[in-house]
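# Fold and contact review
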Amino acid sequence: MDEAEGGAVDAVAAREDAAGAVVFDLLDPVEVIPIGARTPEEPRTRRVAELLRADPADQRTLAELADAVATSPRTLARGFLAETGITFGQWRTQLRLAASLPLLAASGLPVARIAARAGYSTASAYVAAFHREVGVSPARYFTC
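Predicted model, so just to flag it, every value in this text is computed and none were measured. (Residues numbered from 1 in each chain as written. Predicted model: local features only at pLDDT ≥ 70, side-chain atom pairs only at ≥ 80, totals over all residues. Heavy atoms only, no water.)

## Here's the deal with the pattern of salt bridges
The criterion, for reference: For this analysis, a salt bridge means a side-chain nitrogen from Lys or Arg found within 4 Å of a carboxyl oxygen belonging to Asp or Glu. We count a stretch as a helix when DSSP gives it H or I for four or more residues in a row; a strand needs E for two or more, and each element gets its number in order from the N terminus. Burial classes: relative accessible area under 20% of the type maximum marks a residue as buried, over 50% as exposed, and values in between as partly exposed (1.4 Å probe, protein chains only).
Using the criterion set out here, one finds six salt bridges in the structure. For arginine 47, the salt bridge goes to glutamate 50, with nearest N and O atoms at 4.0 Å. With arginine 47 and glutamate 50 both in helix H2 (residues 43-54), this residue pair falls three residues apart, about one helical turn. You can call glutamate 50 partly exposed: its relative accessible area is 37%.

## So, the confidence of the model for the protein
Spelled out, the test is: Residue-level confidence of the predictor is summarised by pLDDT, bounded by 0 at the bottom and 100 at the top.
Residues at a pLDDT of 70 or more form 77% of the protein, whose mean pLDDT is 85. Here helix H1 (residues 3-26) is the element of the protein with the lowest mean pLDDT, 59, and helix H3 (residues 62-68) is the one with the highest, 98.

## Quick look at unusual backbone geometry
Residues other than glycine seldom take positive phi values, yet alanine 70 does so here, at roughly 55°. Summarising the element assignment, alanine 70 is placed in the loop between H3 and helix H4 (73-84). With a relative accessible area of 67%, alanine 70 lands in the exposed category.

## A short note on the packing of aromatic side chains
Note the cut-off: Aromatic pairing here means that ring centres of Phe, Tyr or Trp (its six-membered ring) are within 6.5 Å. Orientation follows from the plane angle: under 30 degrees is stacked, over 60 is edge-to-face, and everything else is tilted.
Enumeration over the complete set of coordinates arrives at five aromatic pairs. For the pair phenylalanine 80 and phenylalanine 88, a centre-to-centre distance of 5.0 Å together with 70° between the ring planes defines the contact as edge-to-face. By the burial criterion, phenylalanine 80 is buried, and phenylalanine 88 matches it. Seen in terms of ring centroids, phenylalanine 130 and tyrosine 141 are 5.5 Å apart; in terms of plane orientation they differ by 85°. Their pairing is edge-to-face. Here the residue phenylalanine 130 occupies a position in helix H7 (residues 123-134), and tyrosine 141 occupies one in helix H8 (residues 138-141), the gap between them amounting to eleven residues.

This is how it looks when you write it as structure tokens:
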């Protein structure tokens, strides 16, 4: 490559860099909140967390789960709040959304099927929870 060709290549690269910078400046940043549910350490609370991790679609109530681990619903609720910093309901939502991510990433699966596997009764309930918790729709999560 002679000097003239090298200069032309450099000029094209410089224009591409400038164009990329302009496009980047025009994009609206979207704050995406990470998804995840910390596992509690207290044995009964941890057992409930393990049960729900094994089956995020488990529809048992807090009271039913408390019965399953021989504790009261109030003790279980306080345990989740104390150990995770969020309520049981928030924790369960985070768990279900985290469980949906591999299915969402696999694309091709209908949102209704992903929602059901994650424990939501309808696709719209799943999309609403996802958007409320994460700040973007499930369709936009991997494109942000």
